[in-house]
Amino acid sequence: MLSNSQYASSKKYEARLDLHRRFSTNPKSKYVWIFEHFPKTENLKVLELGCGTGLFWLANRNQIPKTWSVILTDTSKGMLETARNSLSRINHRFQYEEVNAEDISYPDHCFDIILANNMLYHLENRSNALSHIRRILKDVGVFITSTMGKNDLFELHIHLYHFLESRNNHFRFGEFSFSLENGMEQLTPFFSKVSISRHENTLRIDEVEPVIDYYLSFNGIYNDVVILPEEDVEAFREYLQRIIDSEKVISATKDSGIFICTQ
Ligand SMILES: C[S@@+](CC[C@H](N)C(=O)[O-])C[C@H]1O[C@@H](n2cnc3c(N)ncnc32)[C@H](O)[C@@H]1O
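So, a few notes on the structure that sits alongside this text. (Residues numbered from 1 in each chain as written. Predicted model: local features only at pLDDT ≥ 70, side-chain atom pairs only at ≥ 80, totals over all residues.)

Quick word on unusual backbone geometry
Now for step 1: Of note, His-109 is a non-glycine position whose phi angle comes to about 45°, a positive value.
Now for step 2: Its location among the elements puts His-109 in the loop between strand S3 (94-98) and strand S4 (111-117).
Now for step 3: In this structure His-109 comes out as partly exposed when scored by C-beta crowding, with 14 C-beta atoms within 10 Å.
Now for step 4: In this structure, Lys-248 takes a positive phi of about 75° despite not being glycine.
Now for step 5: Its 10 C-beta neighbours within 10 Å are what place Lys-248 among the exposed residues. (Helix = DSSP H or I, 4+ residues; strand = E, 2+ residues; numbered from the N terminus. Buried ≥ 20, exposed ≤ 12 C-beta atoms within 10 Å, placed from the backbone.)

Comments concerning the environment of Leu-19
Now for step 1: The residue Leu-19 is located in helix H1 (residues 11-23) in this model.
Now for step 2: Residues Leu-19 and Tyr-214 lie 195 residues apart in sequence; the distance between their C-alpha atoms is 6.9 Å.
Now for step 3: Contact partners of Leu-19, with chain neighbours within four places excluded, come to Leu-203, Pro-210, Val-211 and Tyr-214. (Contact = placed C-beta atoms within 7 Å.)

Examining the site of the ligand
Now for step 1: Neighbouring the ligand are 19 residues, the closest being Tyr-7, Gly-50, Gly-52, Ala-101 and Asn-117.
Now for step 2: Residue composition of the shell around the ligand, by class: 9 nonpolar, 8 polar and 2 charged. (Near = placed C-beta within 6 Å. Nonpolar A, V, L, I, M, F, W, Y, C, P; charged D, E, K, R; others polar.)

Here's the deal with the environment of Ser-251
Now for step 1: Tracing the sequence through the fold places Ser-251 in strand S7 (residues 250-262).
Now for step 2: For Ser-251 and Asp-152, which are 99 residues apart along the polypeptide, the C-alpha to C-alpha distance reads 12 Å.
Now for step 3: Setting aside its immediate chain neighbours within four residues, Ser-251 contacts Glu-155, Thr-202 and Arg-204.

Some words on the pairing of strand S1 (residues 45-49)
Now for step 1: Counting buried positions along S1 gives 4 out of 5 residues, so the element sits mostly inside the fold.
Now for step 2: The pairing of S1 with strand S2 (residues 69-74) spans 4 bridges and is parallel. Counterpart to Lys-45 in the pairing with S2 is Ser-69.
Now for step 3: With 4 bridges joining them, S1 and S4 adopt parallel strand pairing. Within the sheet, the bridge partner assigned to Leu-49 lies in S4 and is Ala-116. (Pairing = 2+ DSSP bridges.)

By themselves these figures say nothing about function.
Shown next, in the form of structure tokens:
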């Protein structure tokens, strides 16, 4: 189960975003790319589930039609507060609501677009959430959800695994419960048309500290999971520095994309 502390504030999530923000080679951010898949008709009603820090809307701040009504939702008050603060600077009025995606009380068929970025894999009962999403989406509406594939950052994870193995620690990241590989079969019972599209990107990392912060941010994500033990941090720092000194950069594949679902 997702621990309460993981998203209580946006701090841990921002450590993960920072790695992508600083070292991505694709100049078009994933959020801008996702927005290109939205219909751009006037007067649409848009709902985002698990909005996090509101980064999607910040990235697309100059493209949002003024006539759109946008509701940002999350279960975490801390995330909603960060989103509200960072979006207060942009020229669009958003609504913010505390909503659990597994238990949605909006009326039937009231949204034109529903967005769920990198959050369906956190849900314990995804089928419940998907049937609510289907129920509150208009018949002509679109549901867009992003997630990762099995190759996401695998070159970076291999460095972590080699390091941990050398300390007799056999940790491995598990398979995502909702990924680019297994998402289609979970969505098709709810939507008659589902397509997939991938965002090409590679990280070229030439600094150690953001990698350390990235892995430390996962400690405790699910109950008492420890991915990088505190006592190993210094040795892992030296291990990564040796790789960067000899290879200049660590290249890591970003395997991410979206499912676009309609009736
Ligand atoms: C990995 S973050 C993604 C944030 C944002 N969508 C983005 O792409 O930057 C996952 C978000 O889902 C939220 N979340 C987790 N479980 C949720 C649930 N059952 N209902 C709504 N939001 C949830 C977390 O609080 C967190 O903000």
